[in-house]
Amino acid sequence: MKTEEVEVAESSIINVSLYEDAQALNEVVVTAMGIERADRTLGYGVSTVKSEDFDVAAETDVVQALQGKISGVNITGQGGGIGASSKITIRGVTRISGSNSPLWVIDGVPISDANDFTSSRTTGSIDYGNRAQDINPDDIESLTVLKGASAAALYGSRASNGVIIVTTKKGKEKGSLTYSSTIRFDSPLRLPDFQNTYGPGTQGVYSEIDGNNLQDVSPGWGPLISEGGSYTDYAGNLQTFESHPDLQKDFYALGITKVNNFSVSGLSNKGSSNYRLSTSYSSKEGIIPGSELNRLNIALKSGTKLFENLKSDFSLNYINSNVEGAVAQGGNDPNVLMGIVNRLPRITDVNVFKPWKAESNDEQLAAVDSDGTNNPYWIIHENQRTSSTERFFGNISLDYNPLKKLSLLGRVGYDTYNTTHFSNKHKGTIGLLDGNYTENHISRNELTLDLLSTYDDTFGDIDFTARGGVQWNQRVFSSIGNQGVGLTIPELFDPGNVDTNIPWKNYSKRRILGVFGDLTFTYKKWLTLNATARNDWSSTLPQGGNSYFYPSIALSFVFTDAFNIDSDILSYGKIRGNWANVGSDTGAYQLDFLYSPQSSFFGQFNTGGTFPFDGQLAFSGPNTLPNVNLRPENQANYELGVELGFFKNRFNIDATFYKNVTTDQIIALLVPSSTGYSTSMTNLGQISNTGFELEVSAKIIRYKGFRWNLNYNFSTNETIIDELGEGIDKYTMASAFNGLVVGAEEGESIGIYGNRFARAVDDSGNTIEDMILVNESGVRYEGDNERLGNIFPDFTMGLTSVFSYKGWSLSTTFDWKEGGVLYSQTVSSLRTSGLAAETAVDRETLFVDSEAFMDNGDGTYSENTIPISSVQEYWSNYSASRIHESNTFDATYIKWRELGLSYSFNKKQLKSLPFSSLRLGVQGRNLAIFNTSIPHIDPETNLFGSGSNGGAIEYNGVPSTRSVGFNVQVKF
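This write-up is about the structure you can find in this document. Model, not experiment: these values are computed from the prediction. (Residues numbered from 1 in each chain as written. Predicted model: local features only at pLDDT ≥ 70, side-chain atom pairs only at ≥ 80, totals over all residues. Heavy atoms only, no water.)

### Description of the overall build of the protein
For the protein, the count of helices and strands is eight helices and 53 strands. In terms of C-alpha radius of gyration, the protein reaches 31 Å, essentially the compact-globule figure of 30 Å for 972 residues. Its C-alpha atoms give the protein principal-axis dimensions of roughly 105 × 70 × 70 Å. The buried share of the protein, reckoned over its 972 residues, is 54%. A fraction of 70% describes how many contacts in the protein between residues 6 or more apart in sequence connect residues 24 or more apart. Of the roughly 42300 Å² that the protein leaves accessible, carbon and sulfur atoms contribute 53%. Counting 77 positive and 109 negative side-chain charges, the protein places the averaged centre of each group 12 Å from the other. (Helix = DSSP H or I, 4+ residues; strand = E, 2+ residues; numbered from the N terminus. Rg over C-alpha atoms; globule rule 2.2 N^0.38 Å. Buried < 20%, exposed > 50% of the residue type's maximum accessible area, 1.4 Å probe, protein only. Contact = heavy atoms within 4.5 Å. Areas by Shrake-Rupley, 256 points an atom, 1.4 Å probe, with all protein chains shown as cover. Lys, Arg positive; Asp, Glu negative; His and termini not counted. Charge placed at Lys NZ, Arg CZ, Asp CG, Glu CD.)

Encoded structure:
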């Protein structure tokens, strides 16, 4: 606030009005190792989200709450599946193998954001979420994103992908009690645009005379529904054709999200101690019937001054999270639900699938297809997919000042959780009639020890800070599980109740020891030089080669202070720049041969068996050939930025240009099977990221209590594969079906590769892009497997607008992603089955694909004149899943991300109530999609969640949800 001088005179009452000081830019930012620095001294760009930004439209997933609010950050979700993960990357992808996820740090201590995925990403993919979801947004005081290597250098190799620093709330005032409650209602944001004119059949005909039924024909290529033909439904009842346009809407349930937060906080011992105890309970019923997430968070944070020169801080968090009814995506698995629901004929009454199980013998009723497709309610209610997690994380620290200018900080941080994933296919499930179950118990724990010394002094006009420290980190992972195949008794999921058990056990331990230093010189508050250095020793690299050193240097120059610029236009100006070098290691046990005990072996024609066999045990060797000469990965980074404030800092600009170059990437490279291995660990390749970020904040209106603030961010990042290594044309990062892959190719950005339409070639053998060929039937056909596009957007934008007047506040955020591509299997399925709205156009008319060409067989081509026999023939070929080009679209979209309207009662209005504050509000998230060329689905839907480098592929995904509800917050 501005300083105001008021004459006291003889009056006993003094009236003082407080006004915001728009020129004050001394904000403190939490940086690496929990160090607080003045924003004006930073030589690198950071972005911070405050606690009030999480309140606009309360979100249970803190990652999703960041969408549209931070430049340089790309977030993708998996749609509306309950508990599904959210992937976050900062300034693009820095490696084509291994993790690209940032490091999460809470109150100075690293925690795990692992996604303990235990099944195929494409075949029956079940994503139970990543562990950043355990963070309670209501506990967050601030969230700071360190984007560049210089900003994160003190955290070592784990920070090579950036760092997200969470500072939790603590007691700040006299004792207070706060309670907030949110309830929101969720519904599908976007459902496919179905045609409701034609029923099931083939070439316009549906007949059961020859023994055909719904299970034998295409769901949407039959006769007009209005003709009123008869058919036998899935339950065996004779019915008359009748359109059910709300078929999918009737299937989905109304999702309900409830979040209740309670906290008590304050100061004690004359302000020398602080405390905050909070509890939060979140329950979320998904739009898929029977799916739900329940999470309990309990947090305790306290700090006290033990002596004049010794203080301690303590925090402990407990989380209990349970997911039921997680949804499988992908294909080739009986549990993939959306591939069934979206392909039901438009004459289907969803109630035909109830009941789904016979009471007498547990037999499945009303199967969609007895040869391979289950009743959707059987999948929901009989085939379980659950996850339960219990987690503790926290830290304790002592801060000792033996001298006035010297402080010593010792800190112990610990993070541990145990997760159980369970899934089954009930006995009688089509595709696996004898049933099975999979149970996996996962444990992770992480111990971090920090010792940090800080010396502060002033020499004339120079402020000097020196820091030195040691960090020791140990991470332990273990999993033990079993897949039981062939149930004897239904619903008894026990190793003794199956024909075959396939157990497994995995364990890994890794350690990093780091020594670091930090020197900061500030001259007259306007010139700051900061240099850091860290050396790590990693247990995952070869002895003698496991030490790697990385330095950084950053400069900040506030030129408006240096040149005494006093202007009504330019209020603040700062130029900054930095350079850094960061190394990184690899996973555990990549250096030597790791043998695993085996319990079974496979043989054709029932010749398989189990071990011990004839008294002999069996062990399998690694599929990856170890490399004892692995080197650390290396990343060089530089960044230039400018910060400008205009009109007494009511209009502020923060612009950043950066470039990252990562070399010696550690990659498991495919090798010939004749070697006895499938891959070999090696160092190779170079990948570069070049980008620009812009953040603009404006206080547009300040007039008689009315305020309008605007925040805008823009980001662009180009990721280029500079080198892959001799003889390597393309590296596959993730795979889907029919040759569709996410791959890295030298000289290109990371993209998806798949089959395109066949095209004409010139005399030199070069492809003629605008000449797509047809076959003798007049339809397009499959050509070469080539690049289809970039998986990342060309740029992203976010815009947040906040209006306030007296107690009213209206806030809204829009999120824009431009460019990139997305492949959609849902679109392919809808079109080839005749269910998409566009397939109902001109069904009775023969037509020619006038945009295609015919191959004359003599090296020449002519305009296509071959009529296509039917619309069914056209769409069945044009959108076939084997031709990926036709189902790949520009991924551009604009999304109305959130909206919040609230009213805060003033003291006068609360005079007769026991509350010190009261706020009521309405809120919504993911309200609408604009400017998208992708039909039928939300362009944010993605098969690959966090923990995978795949992207830009949708495969039978659950629709994302629109959420609208209410919120109340009271404080006593």
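There's plenty left to go through after this.
### What to know about the pairing of strand β17 (residues 310-324)
Strand direction decides the pairing type here: strand β16 (residues 292-307) and β17, joined by 15 bridges, are antiparallel. Residue N297 lies in a different strand from β17, and its bridge partner there is I319. Count of turn residues in the β16/β17 antiparallel hairpin: two residues. The pairing of β17 with strand β19 (residues 385-403) spans 15 bridges and is antiparallel. (Pairing = 2+ DSSP bridges.)

### Some details on the sheet that holds strand β6 (residues 103-106)
Reading across the sheet, the five strands line up as β3-β9-β10-β6-β7 and stay open at both edges, with mixed pairing between neighbours. Each of the sheet's edge strands pairs with one partner strand only, and the pair in question is β3 (46-50) and β7 (109-111). Each strand of the sheet is rotated relative to its neighbour by a mean of 25 degrees, with strand direction disregarded. The pairing of β3 with strand β9 (residues 140-146) spans five bridges and is classified as antiparallel. Bridge pairing in β9 links V46 to L146. (Axes fitted to C-alpha atoms, helices over the stretch in contact; angles between N-to-C directions.)

### With respect to the sheet that holds strand β40 (residues 767-774)
An order of β39-β40-β46-β47 is seen for the four strands of this open sheet, with the pairing classed as mixed. Both outer strands of the open sheet, β39 (759-761) and β47 (861-863), are each paired with one neighbouring strand and no more. Pairwise comparison of adjacent strand axes, ignoring direction, gives a mean angle of 55 degrees for this sheet. Two elements, strand β46 (residues 852-855) and β47, share three bridges in a ladder whose sense is antiparallel. Bridge pairing links F853 to E863 in β47.

### Some thoughts on a negative patch on the surface
A surface patch of like charges, here negative, comprises E242, D246, D250 and D349. Structurally, D349 can be placed in the loop between α4 (338-341) and α5 (376-382). The partly exposed category is assigned to D349, whose relative accessible area is 34%. (Patch = residues over 30% accessible without salt bridge, like charges linked within 9 Å, V, L, I, M, F, W, Y side chains within 5 Å. Salt bridge = Lys/Arg side-chain N within 4 Å of Asp/Glu carboxyl O.)

### Quick look at empty space enclosed by the protein
One pass over the full model with this rule turns up 14 cavities of 30 Å³ or more. The space that makes up the largest cavity amounts to roughly 630 Å³. E59, Q64, G79, G81 and K284 are the residues nearest the centre of the largest cavity, which is lined by 42 residues in total. Among the elements of the structure, β11 (176-188), β16, β17, β19, β50 (893-904), β51 (917-930) and β53 (961-971) are those that each provide at least two residues to the lining of the largest cavity. (1 Å grid on protein atoms, 1.4 Å probe; cavity = no way out; pocket = protein on both sides within 12 Å on 5 of 7 lines; lining within 4 Å. Points joined across faces, edges and corners; volume = space filled by probe spheres on them.)

### Observations concerning helix α8 (residues 871-878)
Along an α-helix, residues three or four positions apart point the same way, because every turn accommodates 3.6 residues. For α8, the tally of buried residues reaches six of eight residues, placing the bulk of the element in the interior. If you check which residues of α8 are buried, you get V871, Q872, Y874, W875, N877 and Y878. Structurally, α8 contributes buried residues whose contacts are with β38 (751-757), α7 (825-832), β45 (847-848) and β48 (867-868).

### Some remarks on the packing of aromatic side chains
A full pass over the atoms with the stated rule returns 35 aromatic pairs. A ring pair is formed by F422 and F493, whose centres lie 5.3 Å apart and whose planes are at 65 degrees; its orientation type is edge-to-face. In this pair, F422 sits in strand β20 (residues 406-425) while F493 sits in the loop between β22 (462-487) and β23 (498-523), placing the two residues 71 residues apart along the sequence. Owing to a relative accessible area of 11%, F422 belongs among the buried residues under this scheme. (Phe/Tyr/Trp six-rings, centres within 6.5 Å; stacked < 30°, edge-to-face > 60°.)

### Considerations on the pattern of salt bridges
Overall, the coordinates contain 47 salt bridges when judged by the stated rule. The closest approach of N and O atoms between R91 and E639, which form a salt bridge, is 3.0 Å. Taken together, the positions of R91 in the loop between β5 (86-90) and β6 and E639 in strand β32 (residues 633-646) put the pair 548 residues apart, joining distant regions of the chain. Looking at E639, the relative accessible area reads 1%, which means it is buried. Taking the shortest distance from any N to any O, the salt bridge between K405 and D457 comes out at 2.7 Å. Highlighted residues: K405 in the loop between β19 and β20 and D457 in strand β21 (residues 436-459), separated in sequence by 52 residues. A relative accessible area of 12% places D457 in the buried class. One continuous salt-bridge network, built from bridges that share partners, spans R91, K147, K574, R576, E639, E643, D654, E693 and E695.

### Overview of the nonpolar core
Of all hydrophobic cores here, the largest spans 29 residues; its most connected members are I96, Y731, V742, I750, I752 and I953. Of all the elements in the fold, those that place two or more residues in this core are β33 (651-670), β34 (679-703), β36 (730-735), β37 (741-745) and β44 (821-824). Counting residues per element, this core draws most heavily on β36, which supplies three residues. Contacts of Y731, omitting those with residues within four sequence positions, involve I96, S97, I667, A668, L669, L724, V742, G743 and A744. (Core = buried A, V, L, I, M, F, W, Y, C linked by side-chain atoms within 4.5 Å.)

### Some remarks on the side chain of S828
Along the chain, the position of S828 falls in helix α7. The residues touching S828, leaving out its near neighbours within four places in the chain, are Y823, S879, A880, S881 and N887.

### Observations regarding the environment of G608
Relative to the assigned elements, G608 resides in the loop between β28 (600-601) and β29 (609-610). Between the C-alpha atoms of G608 and G754, which are 146 residues apart in sequence, the distance is 36 Å.

### With respect to α7
By the criterion of burial, α7 is predominantly enclosed, with seven of the eight residues buried. By the burial criterion, the buried members of α7 are Q825, T826, V827, S828, S829, L830 and R831. Those residues of α7 that are buried are in contact with β44, α8, β49 (888-890) and β52 (953-954). Where α7 begins, one side-chain oxygen reaches toward the backbone nitrogen of T826, 3.4 Å away; that side chain belongs to S824. At the C-terminal side of α7, G834 shows a positive phi close to 75 degrees. (Polar contact = N/O pair within 3.5 Å; in protein donor to acceptor, adjacent residues only side chain to side chain.)

### Observations regarding the side chain of N294
Mapped onto the elements, N294 comes out in strand β16. A distance of 3.0 Å separates polar atoms of two side chains, one belonging to N294 and the other to E292. Filtering out sequence-adjacent residues up to four positions away, N294 remains in contact with Y281, S282, S283, N320, S321 and N322.

### Some thoughts on unusual backbone geometry
Each neighbour pair has its own omega, and for K354 with P355 the value is -5 degrees, a cis peptide bond. In the Ramachandran plot, K806 falls in the positive-phi region, its phi being about 55 degrees despite a non-glycine side chain. Checked against the element boundaries, K806 lands in the loop between β42 (795-805) and β43 (808-818). Taking relative accessible area as the criterion, K806 reaches 67% and is therefore assigned exposed.

### Digging into the environment of Y231
Relative to the helices and strands, Y231 is located in strand β12 (residues 230-232). Of the residues examined, Y231 reaches a relative accessible area of 5% and is grouped as buried. Residues Y231 and E208 lie 23 residues apart in sequence; the distance between their C-alpha atoms is 7.3 Å. For Y231, the contacting residues outside a window of four places in its chain are Y206, E208, L214, N237, L238, Q239, T240, F241 and I347. Among the polar contacts listed, one links the side chain of Y231 to the backbone oxygen of I347, at a separation of 3.3 Å.

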